[in-house]
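Listed below, chain by chain, are the residues.
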Amino acid sequence: MCGIVGYIGDEEATGIIVEGLRRLEYRGYDSAGVAVVRDGKTTIRRAVGKLKNLDKVLLEQPVHGTLGIGHTRWATHGRPSEQNAHPHEVDGITVVHNGIIENYLQLRQNLVEQGRTFKSETDTEIMAHLVAVETNKGTDLITAVKKALAQVRGAYAFLIQSEKEPDKLITAKNASPIVIGYGEGRNYVASDIPALLEHTRKFCFLKDGQMAVITREGVKITTEDGEPVEAAIRVVDWSPVMAEKGGHKHFMHKEIFEQPSAIADTIRGRVRMEDAQVHLDGMSLGDVTKLNRLIIAACGTSYHAGLVGKFMIEGIARIPVEVDLAGEFRYRSPVIDEATGVLAISQSGETADTLAAIKEAKTLGATVFAVCNVIESSIARECMESGGVMYTHAGPEIGVASTKAFTTQLVALYLLAVYLGRARGTLEKARAQELLTHLREVPQQIERVLSQEAALITIARRYHKARDFLYLGRGPNYPIALEGALKLKEISYIHAEGYSAGEMKHGPIALIDEHLPTVGIATQGPFYEKTVSNLEEVKARDGKLIIIATEGDSKIAATADDVVLVPANDPLIDPILTVVPMQLIAYHIADLNGTDVDQPRNLAKSVTVE
Ligand code: AGP
């Protein structure tokens with residue numbers, strides 16, 4: 001989730017921009033840069049790593065000017081490096097960008113065929129070329145940007161300046177955030193409010209498909225094809241700390257609500273519906289027909305993602321999958337050969353147990369690959385030399401309890417299952433198109449689940465004093481029962497246990513009484529009847545029942561004390577939806593109990609020790 005800051009006014013731009021980027025550091029980044037225009041000339045300073053490295057460069061080679069743009073980069077295309085850092089300048093046009101240009105390969109090829117040469121591996125530099133191609137013909141900047149936008153597909157927040165027209169900044173937004181800050185004789189642009197709070201409290205949030213021309217005198221907002229738009233200016237009275245959380249009380253709450261966009265970003269650019277193909281940039285699995293089984297190694301929530309992934313990959317691609325706790329994997333003398341694929345799942349890409357498992361698997365001759373959320377992390381680097389990496393585009397996850405990383409891992413595993421099924425010929429086109437259509441419904445379906453937050457708060461209020469919880473699920477929702485229990489344990493410190501609903505009669509049912517709330521997942525699908533009868537056994541022993549069911553299920557209320565409904569979807573996609581109420585129940589119980597939700601006791605965001 002890159003950070004963008006722009007300034008046009010009568011003061012030195014560099015300091016305003018860099019301090020603004022510092023307020024966006026929480027978004028995570030691996031390089032930074034600033035470009036300032038003065039006397040018809042653009043000067044750029046960039047550095048890999050943290051802003052302090054950019055500070056050093058600016059101390060040694062200061063830049064002056066009252067028009068400028070800056071950027072902190074969270075790498076998606078192209079490794080973290082100085083030449084991949086933004087801003088990117090081409091023929092006096094400078095661009096910073098947050099998002100993913102889906103058709104960047106085609107656009108880059110077209111530009112190379114026109115004789116354009118590239119200095120970076122980024123999709124962003126393409127936008128600078130597209131605008132420069134027009135302005136080099138004498139087109140004015142606004143028209144040039146519109147023509148460039150008409151060619152670009154994907155998620156973007158662009159901020160553009162030209163040394164030929166130093167009286168304006170131009171910004172355009174689609175799926176990535178842009179906010180405009182209003183001053184007197186000076187105006188600002190940023191990815192998020194915290195960057196600008198010390199300069200202004202008046203903001204306008206651009207909407208998808210809108211662009212704006214920002215001058216010292218004012219701001220003109222239009223649609224990308226030029227239709228004027230009335231600026232809805234809001235006065236924001238957040239504190240800087242609140243602003244970093246986007247008005248949410250905790251990062252975890254913000255990240256739960258970011259899941260629709262994080263999932264859309266993880267799908268973006270990877271699905272070609274016409275031939276039902278999945279494009280896994282970064283993976284280099286070679287001839288997957290040679291793989292006769294997969295082993296998934298992971299820890300914690302990522303391990304639960306692996307358990308769901310087993311259902312997805314075996315169900316869709318028909319490859320046998322084992323799932324190991326990474327900390328156990330290498331001590332069991334795993335039987336591995338070159339036909340074995342070992343998949344690491346890790347948000348941080350730094351979990352010591354998972355890294356050790358991957359190294360062991362490589363030594364034993366396996367093809368190793370990863371699903372990671374952090375570019376160039378240790379696990380990612382270890383796998384790049386073998387089967388490659390598929391990145392979730394969840395953006396940085398600050399809360400220790402993993403939420404958006406988990407659901408984007410499930411999406412990545414689902415895409416991987418379709419990819420493997422198509423490549424191995426076990427999944428024909430029509431069925432693949434159906435599966436991918438179901439996947440694309442997920443972001444707006446999660447929005448529907450999130451809209452039930454008030455009901456989930458009521459449930460949290462009813463049960464937050466309980467000392468123990470039981471979570472029950474079957475099939476691909478059994479790992480969600482485990483995940484729901486983990487979420488509650490790690491942030492509220494209440495003991496909770498996840499169990500296969502079918503296992504109740506083999507012991508845990510002895511626990512049931514009126515003091516023990518049970519969260520059961522009984523969504524429509526092959527496990528519905530059996531799960532409902534397991535839950536009725538809980539009810540019959542005075543257990544309190546919170547049931548997660550499918551929209552339209554009018555019968556389940558007779559069994560449950562509380563019902564949360566999720567939209568209907570394919571049984572293999574259902575876990576991506578059913579985990580969301582679990583996250584919110586855990587969050588609100590912890591919040592009511594006053595624990596440190598974002599930094600729970602004894603926990604670290606990344607466990608880099610074995
Ligand atoms: C999940 O809420 C926890 N924070 C923890 O279980 C985490 O999933 C586990 O430590 C693995 O981390 P990773 O995904 O970064 O490898």
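Residues numbered from 1 in each chain as written. Predicted model: local features only at pLDDT ≥ 70, side-chain atom pairs only at ≥ 80, totals over all residues. Heavy atoms only, no water.

Asker: Let's hear about the site of the ligand: which residues, and what values?
Answerer: Lining the immediate surroundings of the ligand are 14 residues, of which Ser302, Ser346, Ser348, Thr351 and Glu490 lie closest. At a separation of 2.5 Å, an oxygen atom of the ligand approaches a polar side-chain atom of Thr351. Compared with its free state, where it exposes 410 Å², the ligand has 91% of that area covered by protein. In this structure the site holding the ligand corresponds to the second largest pocket. Of all the elements in the fold, those that place two or more residues in the shell around the ligand are helix 9 (300-317) and helix 17 (478-492). Considering only residue class, the shell around the ligand consists of four nonpolar, eight polar and two charged. (Near = heavy atom within 4 Å. Polar contact = N/O pair within 3.5 Å; in protein donor to acceptor, adjacent residues only side chain to side chain. Areas by Shrake-Rupley, 256 points an atom, 1.4 Å probe, with all protein chains shown as cover. 1 Å grid on protein atoms, 1.4 Å probe; cavity = no way out; pocket = protein on both sides within 12 Å on 5 of 7 lines; lining within 4 Å. Sits in = over half its atoms within 2 Å of the grid points. Helix = DSSP H or I, 4+ residues; strand = E, 2+ residues; numbered from the N terminus. Nonpolar A, V, L, I, M, F, W, Y, C, P; charged D, E, K, R; others polar.)

Asker: Which residues make up the sheet that holds strand 22 (residues 468-473), and what values do they have?
Answerer: Taken together, five strands build an open sheet; the order of strands is 23-22-24-25-26 and the sheet is parallel. What marks the edges here is a single partner per strand, and that holds for strand 23 (495-500) and strand 26 (562-566). Here the average twist between neighbouring strands, direction ignored, is 15°. As judged from the three bridges shared by strand 22 and strand 24 (residues 517-522), these two strands associate in the parallel manner. Across the sheet, residue Leu470 finds its bridge partner in strand 24, namely Thr518. (Pairing = 2+ DSSP bridges. Axes fitted to C-alpha atoms, helices over the stretch in contact; angles between N-to-C directions.)

Asker: Give a description of the pattern of salt bridges that names residues and reports values.
Answerer: By the definition in use, this model includes 34 salt bridges. Where Arg23 meets Glu19, a salt bridge forms, and the shortest distance between an N and an O atom there is 3.9 Å. The partner of Lys487 in a salt bridge is Glu483, with the nearest N and O atoms 2.7 Å apart. Here the residue Lys487 and the residue Glu483 both occupy positions in helix 17, the gap between them amounting to four residues, near one helical turn. Look at Lys487 and you get buried, because its relative accessible area is 0%. The exposure class of Glu483 is buried, given its relative accessible area of 0%. Within this structure, Glu19, Arg22, Arg23, Asp55 and Glu198 form a network of salt bridges that share partners. (Salt bridge = Lys/Arg side-chain N within 4 Å of Asp/Glu carboxyl O. Buried < 20%, exposed > 50% of the residue type's maximum accessible area, 1.4 Å probe, protein only.)

Asker: Summarise the side chain of Thr354; cite the residues concerned and give the values.
Answerer: Within the secondary structure layout, Thr354 lies in helix 11 (residues 352-363). Judged by relative accessible area, Thr354 falls into the buried class, the value being 1%. Once you skip the residues sitting within four places of it in the chain, Thr354 turns out to touch Ala297, Ala298, Cys299, Ala326, Ala344, Ile345 and Ile379. (Contact = heavy atoms within 4.5 Å.)

Asker: Could you give an account of empty space enclosed by the protein, naming the residues involved and the relevant values?
Answerer: Over the atoms rolls a probe the size of a water molecule, and its path tells where empty space is left. Across all of its chains, the model carries three cavities of 30 Å³ or more by this definition. In this model, the largest cavity occupies a volume close to 110 Å³. Along its surface, the largest cavity is lined by 14 residues, and Arg474, Asn477, Thr523, Phe527 and Asp574 are the ones closest to its centre. Contributing elements (two or more residues each) for the lining of the largest cavity: strand 24 and helix 18 (528-539). When grouped by side-chain class, the residues that make up the lining of the largest cavity number seven nonpolar, five polar and two charged. (Points joined across faces, edges and corners; volume = space filled by probe spheres on them.)

Asker: Any details on the sheet that holds strand 19 (residues 340-346)? Residues and values, ideally.
Answerer: Strand order across the open sheet formed by five strands is 18-17-19-20-21, with parallel pairing between neighbours. Since the sheet does not close on itself, it has two edges, and those belong to strand 18 (321-325) and strand 21 (389-391), each with one partner. Taken pair by pair, the neighbouring strands of this sheet meet at an average axis angle of 20°, ignoring direction. Direction of pairing for strand 17 (residues 293-298) relative to strand 18: parallel, over a ladder of five bridges. In the strand pairing of strand 18, Ala298 is matched with Leu325. Lying over the sheet, helix 11 contacts strand 17, strand 19 and strand 20 (367-372), oriented at roughly 165° with respect to strand 19.

Asker: Explain the packing of aromatic side chains residue by residue, including any values.
Answerer: Enumeration according to the criterion identifies three aromatic pairs in this entry. An angle of 50° between the planes, with centres 5.4 Å apart, marks the rings of Tyr7 and Tyr188 as tilted. With a gap of 181 residues between them, Tyr7 in strand 1 (residues 3-8) and Tyr188 in strand 10 (residues 187-190) connect regions that are remote in the sequence. Across this residue pair, the class does not change: Tyr7 and Tyr188 are buried. Its guanidinium or amino end placed over the ring of Tyr29, Lys50 lies 4.1 Å from that ring's centre, counting from NZ or CZ. (Phe/Tyr/Trp six-rings, centres within 6.5 Å; stacked < 30°, edge-to-face > 60°. Lys NZ or Arg CZ within 6 Å of the ring centre and 35° of its normal.)

Asker: Got a sec to walk through the nonpolar core? Specific residues and values, please.
Answerer: Counting 88 residues, the largest nonpolar core has Ile313, Leu416 and Phe469 as its most contacted members. With 31 residues, the next largest nonpolar core counts Ala13, Val179, Leu197 and Ala243 among its residues. (Core = buried A, V, L, I, M, F, W, Y, C linked by side-chain atoms within 4.5 Å.)

Asker: Which residues make up the layout of surface pockets, and what are the values?
Answerer: Approximately 490 Å³ is the volume found for the second largest pocket. Lining the second largest pocket we find 24 residues, and of these Cys299, Gly300, Thr301, Lys605 and Val607 sit closest to its centre. Every element with two or more residues in the lining of the second largest pocket is listed here: helix 9, strand 19, helix 11 and helix 17. For the lining of the second largest pocket, the class distribution of residues is eight nonpolar, twelve polar and four charged.

Asker: Account for the pairing of strand 1, with residues named and values stated.
Answerer: With respect to burial, strand 1 is a largely interior element, six of its six residues being buried. Going residue by residue along strand 1, you find Gly3, Val5 and Tyr7 tucked away on one face and Ile4, Gly6 and Ile8 tucked away on the opposite face as well. As defined by bridge partners, strand 1 adjoins strand 4 (residues 67-73) across six bridges and the pair is classed as antiparallel. Paired with Ile8 across the strands is Leu67, a residue of strand 4. Relative to strand 10, strand 1 runs antiparallel, the two being bridged by four bridges. Bridging across to strand 10, Ile8 finds its partner in Asn187.

Asker: Requested: an account of the environment of Tyr156, with residues and values cited.
Answerer: With respect to the helices, strands and loops of the structure, Tyr156 is situated in strand 7 (residues 154-162). Its relative accessible area of 4% is what places Tyr156 among the buried residues. Setting aside its immediate chain neighbours within four residues, Tyr156 contacts His97, Asn98, Gly99, Leu149, Ala172, Lys173, Asn174, Ala175, Ser176 and Glu224.

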